[in-house]
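The primary structure of each chain is shown beneath.
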Amino acid sequence: GKEITLLMQTLNTLSTSEEKLAALCKKYAELLEEHRNSQKQMKILQKKQTQLVQEKDHLQSEHSKAILARSKLESLCRELQRHNRTLKAGEEGVQRAREEEEKRKEVTSHFQVTLNDIQLQMEQHNERNSKLRQENMELAERLKKLIEQYELREEHIDKVFKHKELQQQLVDAKLQQAQEMLKEAEERHQREKDFLLKEAVESQRMCELMKQQETHLKQQLALYTEKFEEFQNTLSKSSEVFTTFKQEMEKMTKKIKKLEKETTMYRSRWESSNKALLEMAEEKTLRDKELEGLQVKIQRLEKLCRALQTERNDLNKKVQD
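Residues numbered from 1 in each chain as written. Predicted model: local features only at pLDDT ≥ 70, side-chain atom pairs only at ≥ 80, totals over all residues. Heavy atoms only, no water.

Put simply, the test is: UniProt positions are given in the numbering used here, feature names are shortened, and annotations may be inferred rather than shown by experiment.
The name given to the protein chain in an unreviewed UniProt entry is Alpha-taxilin, with Manacus vitellinus as the source organism. Checking UniProt for the protein chain, the heading Sequence similarities (unreviewed entry) contains the comment "Belongs to the taxilin family."

Spelled out as structure tokens, the structure:
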């Protein structure tokens, strides 16, 4: 419970879901490493326990052999006693009795030494058996504690997995919302682009029309210039015609200036529309790059989720085994 609380507090300090997911993956890797170390330690303890059991069996077999040798020595001792009684009962020479007595003493001393050695070995075996029994009890207690810790860690890992699944669902929901917002932005961008394209085409058409009008007016200006020259030649003949022509020339000049202003205005509008179109194209390129980045992140998250799911299934299978 404390570890889950600390983990939740740590996740709450993080701002983005990617950092939270990275923190969860790091915590999961640490727990997995601790789990593996616990398994290795448990395998080592199990191996040591197996060796101790084998050694205990070996000592028990040696103890059985020592008991068997002791029984054989006791039978030899009884046989020696019967032999001594037989020698005492018989009527033999004193020399032979002395020799038999010396042999009996040698056999008795040798038997006593052998019996002392066997007794010493039995005491040593009993001490080693008691030590082995105590070590077996300690190992059993440690194994029991390790199993309890392992079960607690499994519960903790399950809780972390459940929390990670909830976190993943939240990330998926946010990702879907971001995709919808991106789709809406692309549609809006496409509409604005179409509108700007139409406006640019219209501006270009008006610019062409104004160019044609300008050409036409220049032709008219040239024609009026020729007429003006003719009028200058005939100025002496008709001042009224000259005044009228001058007024028409002034009107035409004003009209030409007005058309030039309109041409400049339409040209500036066309340039601004073209510039806005380029900006929209750059913005679309940036949006496409952001979309590709989001798709790469989605693919990485999916791969990570699949890897975590596979590893979780493997861990659950191991735990069941």
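## Re the overall build of the protein chain
Defined as follows: Numbering of helices and strands runs from the N terminus, with a helix taken as a DSSP run of H or I at least four residues long and a strand as a DSSP run of E at least two residues long. Whether two residues are in contact is decided by their heavy atoms, any of which lying within 4.5 Å being enough. Per-residue and other accessible areas follow the Shrake-Rupley method at a 1.4 Å probe size, with only the shown protein chains counted as cover for residues.
Of the regular secondary structure elements, the protein chain holds four helices and zero strands. For the protein chain, the succession of helices and strands along the chain, N to C, is α-α-α-α. Counting contacts in the protein chain only where the partners sit at least 6 residues apart, residues at least 24 apart contribute 89% of the total. Approximately 24,300 Å² of the protein chain is accessible, and the part contributed by carbon and sulfur atoms is 52%.

## Things to note about the pattern of salt bridges
Pairs can form between side chains of opposite charge whenever their charged atoms are close. Going by this rule: Counted as salt bridges are all cases of a side-chain nitrogen of Lys or Arg within 4 Å of a carboxyl oxygen of Asp or Glu. Relative accessibility thresholds used throughout: buried, under 20% of the residue-type maximum; exposed, over 50%; partly exposed, between the two (1.4 Å probe, protein chains only).
Within this structure, the stated rule accounts for five salt bridges. Between E283 and R287 there is a salt bridge, with its nearest N and O atoms 3.2 Å apart. With E283 and R287 both in helix α4 (residues 239-320), this residue pair falls four residues apart, about one helical turn. On the basis of relative accessible area, R287 is assigned to the partly exposed category, the value being 23%. Here D288 ties to K284 by a salt bridge, and the two come within 3.1 Å at their closest N and O atoms. Taken together, the positions of D288 and K284, both in helix α4 and four residues apart, correspond to about one turn of that helix. When its relative accessible area of 31% is taken as the criterion, K284 is described as partly exposed.

## As for a positive patch on the surface
Keep this limit in mind: Patch membership requires over 30% relative accessible area and the absence of a salt bridge. Like charges are linked within 9 Å, and nonpolar side chains (Val, Leu, Ile, Met, Phe, Trp, Tyr) within 5 Å. The positive count covers Lys and Arg only, the negative count covers Asp and Glu only, and His and the chain ends enter neither. Each charge is placed at NZ for Lys, CZ for Arg, CG for Asp and CD for Glu.
Side chains of R36, K40, K43 and K318 sit close together on the surface and give a patch of like positive charge. Sorting elements by how many residues they give to the positive patch places helix α2 (residues 17-89) first, with three residues. Inspection of the secondary structure puts K40 in helix α2. Residue class for K40 comes out exposed when judged on its relative accessible area of 53%.

## Description of a negative patch on the surface
A cluster of like negative charges, contributed by E141, E148, E151 and E155, occupies part of the molecular surface. Topologically, E148 is positioned in helix α3 (residues 94-233). With relative accessibility at 42%, the residue E148 sits in the partly exposed group.

## Some details on the state of the cysteines
What counts here: The rule for a disulfide is simple: a pair of cysteine sulfur atoms within 2.5 Å.
Under the defined criterion, the tally for this structure stands at zero disulfides. Cysteine C25 shares no disulfide, and the gap to the nearest cysteine sulfur, in C305, comes to 8.2 Å.

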